[in-house]
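The chain contents come next:
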Amino acid sequence: RVLLRGLSQQDVGRFIEVAAGLDPPSGLAEAVHTQTEGNPLFVTEVVRLLVQEGELTQDSGARDSWTVHIPEGVREVIGRRLNRLSQRCNETLTIASVIGREFELRQLTPLVEDISEDRLLEELEQALSARVIEELPQAVGRYQFTHALIQETLSEELTLTRKVRLHARIAETLEQLYGNNVEAHAAELAYHFTEAETITGTDRLVRYSGMAGRRALATYAYEEASGHFERALTAKEGAPQSTGTRQETDEETAGLLYGLGRAQLVTFQVEEGWANLTRAFDYYAEVGDIPRVVDIADYPVTVSAPGNVAPLLARALELVPPDSYEAGRLLPWHGRLLNTLQGDYEGAQDAMSRALAIAEREGDISLQMQTLAFTADMEGSNLHWNQSLDAALLAIELTNHAGNPLAEFFAHLWAARALLVTGGDSERIRLHAEAGLLAAERLHDHLWLPIALGAFNTFFYSAWGDWPAAREFSDQGLDLAPRSSLILPPRIMLEYQVGEFDRGEAFLERFLETTGVGRRAQGLVMVIPMAARISGNTDRLDIAEAAAMELLSSDSTAPLNASAARIGLALIAVQRSAMTEAAEQLAALESLRGTMSGGLAWAISIDRLLGLLAHTMNNLDQACAHFENALPFCRNAGFRPELAWTCCDYADTLLQRNEPGDREKATSLLDESLAISNELGMRPLMERVLSRRGILKA
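The shown structure was predicted, so the numbers you read here are calculated from the model rather than taken from an experiment.

The next point concerns the overall build of the protein. When helices and strands are counted, the protein shows 36 helices and three strands. Counting the 698 residues in the protein, one finds 54% classified as buried. For the protein, the share of sequence-separated contacts (at least 6 apart) that also reach a separation of at least 24 residues comes to 62%. Here the protein has roughly 30,500 Å² of accessible surface; of this, 47% comes from carbon and sulfur atoms. With 61 positive and 99 negative side-chain charges, the protein shows a separation of 4 Å between the mean positions of the two kinds.

Printed below as a string of structure tokens:
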């Protein structure tokens, strides 16, 4: 006897390709495999039906999603197999099908009337022999239907009334069966009480759904948790919370709103999440439940909607004594938002100082870590890179004494960022990047992990020219957050650097469509001018210029974001050969010489940028001096793509200046640029260098 397994998803995709004569559209192979579980007969029938109905054509690839219907013939095959079983066996299996894909003997026994357990086992043996069900290994008395379609076929033969009544019986039977252990089976009970709502009412539906939601949150199953909380709130209030139609809140409702809001924030339902958390916050503030007030304001995804959380933090701080431990928990977030939203560096410093004093007084190492990590964030966003690194390293020293993965994430990635900006050792940067990623993985959420993967690590590895690693990190981040305004910029630049302009354009279009205008502007100001510098396409420079001017006109823009705007305007001035604008940006950026840009779109040497600006102003000696400073900085730090661009730009200046020895040095620089760009596959730069070498030969 050989146990046959279903086809793999890859096999299903190949089958569709052969049967339909075209590459399977994205998502179709997965949909067919999920529905059929790879059963060759079912796969064949499904694909045949898709072909017959004209669903598979050359235009099918444009569809975003696929819903696969099971042909009637498949159900007939299942029906014929079931018809060979006894009537009592079919009745037993029908009850089991309402329990679920998996079921237990102890669940069935009280539900199947007028039958002994021995006789029930005989009926199950009959189904086992027919391969309708199978025993689960290492679980005595536990079974599952061999295919979900068998369970579905049995269940669908019941009338609606009969099915609802069965769910009610099952729900109440299981509730008794589980006794004091109902919490472990909350999701199962919530499902059956939901299906039986018209008979059993809403009280237990709400109770078990809330219980199941809290358990799902504890295991980081956020989408599942959202479903449980939404079901409970819909049953309790009569309308989904997203409609905002009901404002009455009691303790049970507030708890459900709190759970739903947390799950929604992590899964990027930002507005809905903060609307629900705000309702819960209002209730807890009104009844004086300060611990819950602090929990909501201190929830570690607050930066996902700073405009929403800032008022909550301010209100929470008003409700707690200013020198209390509760205030200490809130002050790091408050300081971070003062710095981010209002540009209030002094206020942020004061908040961090107070939080650190409270943490030290209370002996709370975790709070010390978080305060120091947020201090690193605050100092870095104000271009105080040495102070940022110092605070980050102090936080990291406390890692072994406190379990705070969020603080660890912030500390390691700001340490890596500070080292990169100041030209630090690449191996140290790698170690911090890896440690930050591990910390983000321990958070088990959908916010920080994509940022660690697709923003920071893509940015770092791109700076070294390790495109395969950078692309892999970016792909992983985009799988989790396909429209993140932080993840898309470094991916756009990666594609442009290697000459994949079409792919870069596609990601840029997606980026332009993203929400979160503030963060999008921070990426736009650098991505568009840099892409234009590489590709020569200047169509969107006006968009970048407007975004940069908007950032610079705001009093609340942090210096890091203001510098990104200046870098964007500098590149625009270079592209347009605008001497006056170039002089303005050179004066504004000169204080940053000897560093790399700190924005996550691309790491550009400030000295190279100053050289380009001076060249635009026709101050060629000054340009050469800046390029000369950029060369050792990029070499020592291992920033090979930036080194290759610096060599090429420096050669351009030397060729234009054309003083004794300039042509020879330009030739040497172009050779170095070509060697690097050829090794790294930077096709646009290779073409540029080859054209310069052609000019030299001519």
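Structure's up, so let's keep going.
Following the criterion strictly, the structure yields 41 salt bridges and no others. Residues Arg-361 and Asp-323 are paired through a salt bridge, measuring 2.9 Å at the closest nitrogen-oxygen approach. In this pair, Arg-361 sits in helix 19 (residues 345–362) while Asp-323 sits in the loop between helix 17 (306–319) and helix 18 (325–342), placing the two residues 38 residues apart along the sequence. Given the relative accessible area of 44%, Arg-361 is considered partly exposed. When the shortest N-O distance is used, the salt bridge between Glu-545 and Arg-576 registers 3.1 Å. Remark: Arg-576 occurs in helix 30 (residues 559–576) and Glu-545 occurs in helix 29 (residues 541–553); sequence separation between them is 31 residues. Residue Arg-576 is classed as partly exposed on the basis of its relative accessible area, which comes to 39%. Each of Arg-471, Asp-475, Arg-491, Glu-495 and Arg-503 takes part in a single network of salt bridges with overlapping partners.

Before going further, it helps to spend a moment on the side chain of Ser-324. Within the secondary structure layout, Ser-324 lies in the loop between helix 17 and helix 18. Owing to a relative accessible area of 10%, Ser-324 belongs among the buried residues under this scheme. In terms of polar contacts, Ser-324 uses its side chain to reach the backbone carbonyl oxygen of Pro-321, at 2.7 Å. A distance of 3.1 Å separates a polar atom in the side chain of Ser-324 from the backbone nitrogen of Ala-327.

Positive phi values are uncommon outside glycine, yet Leu-383 reaches one of about 65°. Take Leu-383: it is sitting in the loop between helix 20 (365–381) and helix 21 (385–397). For Leu-383, a relative accessible area of 24% translates into the label partly exposed. The phi dihedral of Asn-658 is positive, around 55°, even though this residue is not glycine. With respect to the helices and strands, the residue Asn-658 is situated in the loop between helix 34 (640–657) and helix 35 (662–680).

In space, the three strands of this open sheet follow the order 1-3-2, with antiparallel pairing throughout. This sheet does not close on itself; its edge strands, each paired only once, are strand 1 (102–104) and strand 2 (133–135). Neighbour-to-neighbour, the strand axes of this sheet turn through a mean angle of 30°, independent of strand direction. With three bridges connecting them, strand 2 and strand 3 (residues 142–145) associate as antiparallel partners. Residue Ile-133 lies in a different strand from strand 3, and its bridge partner there is Phe-145.

Our next topic: the packing of aromatic side chains. Tallied over the full model, the rule gives 19 aromatic pairs. Both rings, one in Phe-103 and one in Phe-145, keep their centres 5.5 Å apart while their planes meet at 50°; by these two values the pair is tilted. One end of the pair, Phe-103, is in strand 1; the other, Phe-145, is in strand 3, with 42 residues separating them in the sequence. For the pair formed by Phe-103 and Phe-145, the shared burial category is buried. Of the aromatic side chains, those joined through ring pairs into one cluster are Trp-333, Phe-374, Phe-409, Phe-410 and Trp-448. We note Arg-336 situated over the ring of Phe-374; from NZ or CZ to the ring centre the distance is 5.8 Å. Geometry around Trp-464 places Arg-430 over its ring, the cationic atom sitting 4.1 Å from the centre.

Right, let's get into empty space enclosed by the protein. What the rule picks out here adds up to two cavities of 30 Å³ or more. Roughly 90 Å³ of internal volume is contained in the largest cavity. In terms of lining residues, the largest cavity is bounded by Met-493, Gln-497, Met-530, Arg-533, Ile-534, Leu-571, Trp-602, Ile-604, Arg-608, Leu-612 and Trp-645. Elements supplying a minimum of two residues to the lining of the largest cavity: helix 26 (488–497), helix 28 (517–535) and helix 32 (606–616).

So, on to the nonpolar core. Membership of the largest hydrophobic core comes to 219 residues, with the highest contact counts inside it found for Leu-93, Ile-133 and Phe-460. Looking at this core element by element, the count peaks at 13 residues for helix 22 (residues 405–421). Leaving out residues up to four positions away in the same chain, Phe-460 has contacts with Leu-413, Ala-416, Arg-417, Leu-420, Ile-429 and Ala-433. Counting twelve residues, the second-largest nonpolar core is a separate cluster that includes Ala-29, Ala-31, Leu-56 and Trp-66.

A separate point is a negative patch on the surface. A surface patch of negative charge is lined by Glu-117, Asp-118, Glu-122, Glu-125 and Glu-135. Counting residues per element, the negative patch draws most heavily on helix 7 (residues 117–129), at four residues. Topologically, Glu-122 is positioned in helix 7.

Here we come to the environment of Asn-457. Along the chain, the position of Asn-457 falls in helix 24 (residues 448–463). Put simply, Asn-457 and Ser-474 are 17 residues apart on the chain and 8.0 Å apart in space, counted from C-alpha to C-alpha. With residues near it in sequence (within four places) discarded, Asn-457 still touches Ala-433, Leu-437, Ala-452 and Phe-473.

Conventions adopted
- Residues numbered from 1 in each chain as written.
- Predicted model: local features only at pLDDT ≥ 70, side-chain atom pairs only at ≥ 80, totals over all residues.
- Heavy atoms only, no water.
- Helix = DSSP H or I, 4+ residues; strand = E, 2+ residues; numbered from the N terminus.
- Buried < 20%, exposed > 50% of the residue type's maximum accessible area, 1.4 Å probe, protein only.
- Contact = heavy atoms within 4.5 Å.
- Areas by Shrake-Rupley, 256 points an atom, 1.4 Å probe, with all protein chains shown as cover.
- Lys, Arg positive; Asp, Glu negative; His and termini not counted.
- Charge placed at Lys NZ, Arg CZ, Asp CG, Glu CD.
- Salt bridge = Lys/Arg side-chain N within 4 Å of Asp/Glu carboxyl O.
- Polar contact = N/O pair within 3.5 Å; in protein donor to acceptor, adjacent residues only side chain to side chain.
- Pairing = 2+ DSSP bridges.
- Axes fitted to C-alpha atoms, helices over the stretch in contact; angles between N-to-C directions.
- Phe/Tyr/Trp six-rings, centres within 6.5 Å; stacked < 30°, edge-to-face > 60°.
- Lys NZ or Arg CZ within 6 Å of the ring centre and 35° of its normal.
- 1 Å grid on protein atoms, 1.4 Å probe; cavity = no way out; pocket = protein on both sides within 12 Å on 5 of 7 lines; lining within 4 Å.
- Points joined across faces, edges and corners; volume = space filled by probe spheres on them.
- Core = buried A, V, L, I, M, F, W, Y, C linked by side-chain atoms within 4.5 Å.
- Patch = residues over 30% accessible without salt bridge, like charges linked within 9 Å, V, L, I, M, F, W, Y side chains within 5 Å.

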